[in-house]
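Residue-level structure breakdown
Chain by chain, the residues:
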Number of protein chains: 2
Amino acid sequence: MNKYLKVDPWCIIEEGFDGKRQRSSESIFSIGNGKMGQRANFEEQYTGSTLQGTYVAGIYYPDKTKVGWWKNGYPEYFAKVLNAPNITGINVSVNGESLDLATCRIESFRRVLDMKEGTLSRDFIAVLPSGIRVSVSVMRFLSLDNPETGAIRYGITPLDRDCEIIVNPYLDGNVVNEDTNWNEIFWKQLHHEAAGNEGYIIAQTLKTEFDVACGMHNELLLNGETVNAKPVHQSRTGYAEITYSIRLKKNSRLEIIKTFALLSSMNHEKKRLLHDTKQVLKSAVKKGFTAMLNAHREVWSDIWQHSDIVIEGDDEAQQGIRFNIFHLNQTYRGDDPRLNIGPKGFTGEKYGGSTYWDTEAFCIPLFLCTASASVTRNLLLYRYKHLDKAIENAQKLGFKNGAALYPMVTMNGEECHNEWEITFEEIHRNGAIAFAIYNYVRHTGDDKYLIEYGLEVLIAISRFWSQRVNWSGDKMKYVILGVTGPNEYENNVNNNWYTNTLATWTLQYTLETIEMAKQIDPSGYKRLAEKTKFNDVEETARWKDIIAKMYYPYLETEEIFLQQDGYMDKEQITVNQLDSGQKPLNQKWSWDRILRSCFIKQADVLQGIYLFEDRYDTETISRNYDFYESRTVHESSLSPCVHVVLAARLKKMELAYRLYLRTSRLDIDDYNHEVHEGLHITSMAGTYMAIIEGFAGKRVKEGRLVFNPQMPPKWKSFSFKIIFRGSHLKVEVSNNRVVITNESDHSVEVIVYDHDYDIAENSSVEILRNKS
Amino acid sequence: MNKYLKVDPWCIIEEGFDGKRQRSSESIFSIGNGKMGQRANFEEQYTGSTLQGTYVAGIYYPDKTKVGWWKNGYPEYFAKVLNAPNITGINVSVNGESLDLATCRIESFRRVLDMKEGTLSRDFIAVLPSGIRVSVSVMRFLSLDNPETGAIRYGITPLDRDCEIIVNPYLDGNVVNEDTNWNEIFWKQLHHEAAGNEGYIIAQTLKTEFDVACGMHNELLLNGETVNAKPVHQSRTGYAEITYSIRLKKNSRLEIIKTFALLSSMNHEKKRLLHDTKQVLKSAVKKGFTAMLNAHREVWSDIWQHSDIVIEGDDEAQQGIRFNIFHLNQTYRGDDPRLNIGPKGFTGEKYGGSTYWDTEAFCIPLFLCTASASVTRNLLLYRYKHLDKAIENAQKLGFKNGAALYPMVTMNGEECHNEWEITFEEIHRNGAIAFAIYNYVRHTGDDKYLIEYGLEVLIAISRFWSQRVNWSGDKMKYVILGVTGPNEYENNVNNNWYTNTLATWTLQYTLETIEMAKQIDPSGYKRLAEKTKFNDVEETARWKDIIAKMYYPYLETEEIFLQQDGYMDKEQITVNQLDSGQKPLNQKWSWDRILRSCFIKQADVLQGIYLFEDRYDTETISRNYDFYESRTVHESSLSPCVHVVLAARLKKMELAYRLYLRTSRLDIDDYNHEVHEGLHITSMAGTYMAIIEGFAGKRVKEGRLVFNPQMPPKWKSFSFKIIFRGSHLKVEVSNNRVVITNESDHSVEVIVYDHDYDIAENSSVEILRNKS
């Protein structure tokens, strides 16, 4: 853990510069707008250690798969997140000497990520090797108002003497990825030009042939007044640069306003791409830096209006949750069903792909509560559009008859991952996708989506489960062999309780949905049955048989659900018996030792109990929680949030709070010494779940919102807004009371501490806190 | 299967040339002499598809490991078998046109591997594109008499007209490997020279820095008489060539005798390497081609004297077994404990490394019967010398206190393999190494080796088992979790019956050996106990406890040993229910489907019953055999031989013969369409086992040889010699009788069909065949 950054409710603040932390800070201070994003790389040259990163949503490179030993069924490529052309670069030289924080003496340095307004700024005073002292002040943003644009204001002031300043704003397509399997270059360069105050380049990804066009416009101001410095142009393959030279008096301030646009063939015809880029840039320049910034701020203001969680009395927790909400909203805006939420978002290359089951299991619960239903609907449509590829993927593995296995990692619907124990066996992901449909429908009430799109996915997933089970003559039950659960510290196990549970739940939900569809929309159902060649009699009969005769491992002596067959053959040790020098296990132990131990990366059974909580009484939940929590090492960033929700459910608030703090500040405090690779974007959503479903006890039951608020002792209050089936509520929890305000224009029913309340439009109820 | 080559008892014969088969023939016709070996690449230029391969025993390149996803404990490198400098090259041009079988019309072509004499020859008539017709006749060998040398006699005759012939014998160190993880070159070139009729190069492996020196001497004969053609020299980095031009009359024969030497820094000081190479070459040239060849033939004659199996009435079977015995003896000569037997020997690059458990499980049984005890002793010493590295290897995985885990694949004792389910989990290899010590001792009676060397290895392996088991509170037994048995179509299983059985057997044998050592050599034992810090009380007590309380899965309903926990949860289908289009599974099915199916690559339980046959009555063996044979797809080349031995034991001779034929001609008939990659050298030994232990029923019981001969119906007779505890016996099995001749100078006791015979020196017993 690493208490390096300042605690502040709305900002992330770095005071002083430490080159060794630059890669980490580049991750933490990343900015994005859903369409593109970038690490907090410096604008000016930096010769120290840096991971350059600009990323464009949906644009990837299919990097030839690297394996030690090929297994039948492995994919051909791994979709890599691509470092895209650099649009933010502005090189600066002072009296012929390059401004480079790796070679300057730094008198002061302050970097601020303003999460309220969505801006990244940096102020420093540096002494160049020649002794010249300059003060620099930079601010940049990627517009949420027009996400194809962004701007930088870069100001420089010589502090001790007059200087000759040369500034070189540039665009550079000649970029590389650190994460490449075969050291290949991912781009070829199509176009470059520079004229007047503008420059343009177009680069194309190899193999996938996405075109990305970048444009920049530069304006110079001297002490706030426009100056007409003569632009000198240079452009070459993949590169466009403009040079301005100016004699700058001591204490006067030169400002470069670099406005840029980045457009891609995802959204524009290739042959019009240059033209469109010029148009977009022209509009942005016409609007001007201040107006662009204000429009951007307004979007952020609206986002915070719906998604903020205000915590009083605990600035660390406050900063942590806002950091997570901020990054999730930077990464995904929900307006394009071709896009999804990568595990590192726009903050790094690692893990490639864009879509893991994280989206369904962790991100959707956040977007359901904080954004319009269309946002989650687009995330579901993303999978709907990939259904054909999921069916193909299952066929490759030997499944038939329209069975679908969604990929573990994907960009365009094709599987990218290649570890057999994950790719072929971590099949619970299929269940998470089914559950997300259910979760969306129960939260939004959108039965129409369920019948029109969801059911087709459910049938295909149910077909997969139906073929993936087999009858055990030994157990006289259906079993599921050779799987890996969410607990990836067990591989190739038989009868993972979570997977078996999710499989039968999917079958049941699909059957129920079919019944509903038959009643609500018989002709729509008929069309679907024909399209999917669904055998209403035989297939449903088999599903019912599987539901009735599925085997679930159970440990009689402890009265708990057993993670998998044979788990109790392991030596049973608890985490508190582990020497702290042994942790994290994934760094300290060999892989076989991890596999043979009873320690759990993230607890499958608890994940299942979290999803299907209604099925279990408190004693059952408590017994399972105690058993598995004591064996869980939380070495997945997705692990703690589920434990927070269950611990809160069991009124173990101290434990819940401890786990919450760790997960909410995972990246800010760099618990795992890996933030330099990028942020854990998808697991950030788990901390939202931890507060809303954990501390506030939010549930959905029979179409109504339920709350059972509790509060960590340290907090004075916490409050948030929630969107539910078109209603807008505000929930405020303080020491003695809970206030729920209905901000909708219609009354809303809620259940708080097991009591029903019907809250009239634009009014509140105040309820005494239940502290039992 | 592929009946392409002619059936002949002593030769492998290819009639006619098919470029598509060249890579396969290059494998099959490979020659070697234990120190070096080479694929049957053509001497002259060949621009068709070819895998060039010359290999030097013990010389390897540590190729940086390639993995998809790194796991803790993986090794840094994979030792690759190295394609070494080409010593056989002789380019030929006729009237300025290159002789190249890829561009000529071929009128006749015959390639012969003479297994009796160890020579490779080739005779062809080719028409060059210009229409010139030439007859070529080539013969080469790698001397077994002086394994640092070899020679080629290359004769060429123009058939229709006089021609200008240019011959270029050369040495070429600028060679590449097809099997390289990162497309690296493995050699750097140190020296080259050419003068007179001689040329020399020295190349050095990168990283490992082995020096290999090659020398050649060339002599030209015209119609059998020496000619003094003027040599023109060319040498450059890694290359030395001599050019001879000669005007050759129609129907006259030009012969080039290329004598070569290959020496390495394994056996010579680097600074003397060039000098020594020149000396070795000089001696060889002085000896002359014919004398070299005769000396080489004599060694082969001696090998066949001890190791031949003569089969009457079945030329296919005869050719098959001789092919296998021939290649094993070419690959390993048993005089250097630094060397071992690679899975492809000197016939290809694939699988790298040199040592797998194949050596202990399959090759040692052959060498025990056919060669001096020192040969097997050297194979055991190889592992003894690697004990420290095996202890280090175990330490990396978290084991302590001198526990050893021998590597799955190795060159110098370090692990090379990197699939977690194999590297970390296929630990039965440790048991195979222990069993080989026992097998050696029971066959040779060499208790001295056991106490001086073997016991130290046994203690280290026993320590591994003792730590690798854990106590299951659930079963109240010791269990072994997370293993892969010899059946690699199951991974990461619990309580593999074979592994558990081998583990306790090792503990038991180690305990017995300790007791013996204490009695026979108390001071030697004391030294060993001190060296290994062996705790005589605590460690042996734990071992006894494990032996007493080990868990072995058992299937009550079928009364069979169960391959592993949970096996009966699988859908139980037998191989004959499998559609033939589904086989081989490893090509037709996805990996997860293979893992989930009940089909067995090679049967663990039967392997265990084979090793510990004495423990089980015939009914038990029969029940297990029937159950597992029906589920085994034999997709490992190591699988069928064990089934042959057991089938013969159960008097299922028809099945035994069918499996035998397939395995003995696996490579000649290219059953698996992969012979182009090289031969299955180590599994060849299994076919020897199949005849000797299967058909002849050879066992060792209480220090005596046991035979229970049977014969496949098709055969008229079979006979072989066997070396046992210093005695030499000949066994002849014919339709009605078994004759055993004692060729030793002392009497020998044997048991045939359960009767004891004491055979006087140099005399025979004749026993009627037991055909029950």
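Use the structure listed above.
Calculation rules
Residues numbered from 1 in each chain as written. Chains lettered and ligands numbered in written order. Predicted model: local features only at pLDDT ≥ 70, side-chain atom pairs only at ≥ 80, totals over all residues. Heavy atoms only, no water. Pairing = 2+ DSSP bridges. Helix = DSSP H or I, 4+ residues; strand = E, 2+ residues; numbered from the N terminus. Core = buried A, V, L, I, M, F, W, Y, C linked by side-chain atoms within 4.5 Å. Buried < 20%, exposed > 50% of the residue type's maximum accessible area, 1.4 Å probe, protein only. Contact = heavy atoms within 4.5 Å. Polar contact = N/O pair within 3.5 Å; in protein donor to acceptor, adjacent residues only side chain to side chain. Axes fitted to C-alpha atoms, helices over the stretch in contact; angles between N-to-C directions. Parallel < 35°, antiparallel > 145°, perpendicular 65-115°, else oblique. Left-handed = near helix turned anticlockwise from the far one by under 90°. Nonpolar A, V, L, I, M, F, W, Y, C, P; charged D, E, K, R; others polar. Buried area = accessible area lost by both parts, 1.4 Å probe. Salt bridge = Lys/Arg side-chain N within 4 Å of Asp/Glu carboxyl O.

1. What to know about the sheet that holds strand 19 (residues 239–248) of chain A
Residues and elements named next belong to chain A. The strand order 8-7-13-19-18 describes an open sheet built from five strands, whose pairing is antiparallel. What marks the edges here is a single partner per strand, and that holds for strand 8 (97–98) and strand 18 (232–236). Of the pairings in the sheet, the one linking strand 18 to strand 19 comprises five bridges and is antiparallel in character. Paired with Arg236 across the two strands is Tyr239, which belongs to strand 19.

2. Remarks on the nonpolar core
Counting residues in hydrophobic clusters, the biggest one holds 493 residues, and the most contacted among them are Leu99 and Tyr660 of chain A together with Leu99 and Tyr660 of chain B. When neighbours within four sequence positions are excluded, Tyr660 of chain B is seen to be in contact with Ile311, Ala317, Ile321, Val644, Thr687, Ala690, Ile691, Phe695 and Trp715 of chain B.

3. A closer look at the environment of Glu613 of chain A
Position of Glu613 of chain A among the secondary structure elements: in the loop between helix 16 (604–611) and helix 17 (618–629). In this structure the side chain of Glu613 of chain A is engaged in a polar contact, spanning 2.6 Å, whose partner is the side chain of Arg699 of chain A.

4. Some details on the packing of helix 6 (residues 373–385) of chain B against helix 10 (residues 447–468) of chain B
All names here are of chain B. In contact at an axis separation of 9 Å, helix 6 and helix 10 are set at 40° when each is read in the N-to-C sense. The orientation of helix 6 relative to helix 10 falls into the category oblique. Two packed elements cross with a definite hand, and for helix 6 against helix 10 that hand is left-handed. Facing helix 6, whose interface residues are Arg377, Leu380, Leu381 and Tyr384, helix 10 presents Tyr449, Glu452, Tyr453, Glu456 and Val457. Here the contact of helix 6 with helix 10 is built from residues that sort into six nonpolar, no polar and three charged.

5. Some details on the packing of helix 16 (residues 604–611) of chain B against helix 18 (residues 639–649) of chain B
Residues and elements named next belong to chain B. Between helix 16 and helix 18, the least distance of the axes is 10 Å, while the angle of their chain directions is 55°. In terms of axis orientation, helix 16 runs oblique to helix 18. In this structure, helix 16 meets helix 18 at a crossing whose hand is left-handed. Note on element contacts: helix 18 touches helix 16 through Val642, His643, Val645 and Leu646, opposite Leu606, Gln607, Ile609 and Tyr610. Residue composition of the contact of helix 16 with helix 18, by class: six nonpolar, two polar and no charged.

6. Here's the deal with the sheet that holds strand 3 (residues 36–38) of chain A
Residues and elements named next belong to chain A. Taken together, three strands build an open sheet; the order of strands is 2-3-4 and the sheet is antiparallel. Of all the strands in the sheet, the pair left with one neighbour each is strand 2 (31–32) and strand 4 (54–56). Inspection of the sheet shows strand 3 paired to strand 4 by three bridges, in the antiparallel sense. Across the sheet, the residue bridging to Met36 is Val56, located in strand 4.

7. Observations regarding the interface of chain B and chain A
Facing 49 residues of chain B, the contacting portion of chain A comprises 48 residues. Three residues, Trp69, Asp569 and Arg596 of chain B, lead the burial of chain B against chain A; their summed loss comes to 20% of the area buried on that side. One salt bridge in this structure joins Asp569 of chain A and Lys475 of chain B, with 2.5 Å as the shortest N-O distance. Between chain B and chain A we count 22 residue pairs in polar contact (both at pLDDT 80 or more) in total.

Limitation: the analysis is restricted to geometry and does not speak to function.
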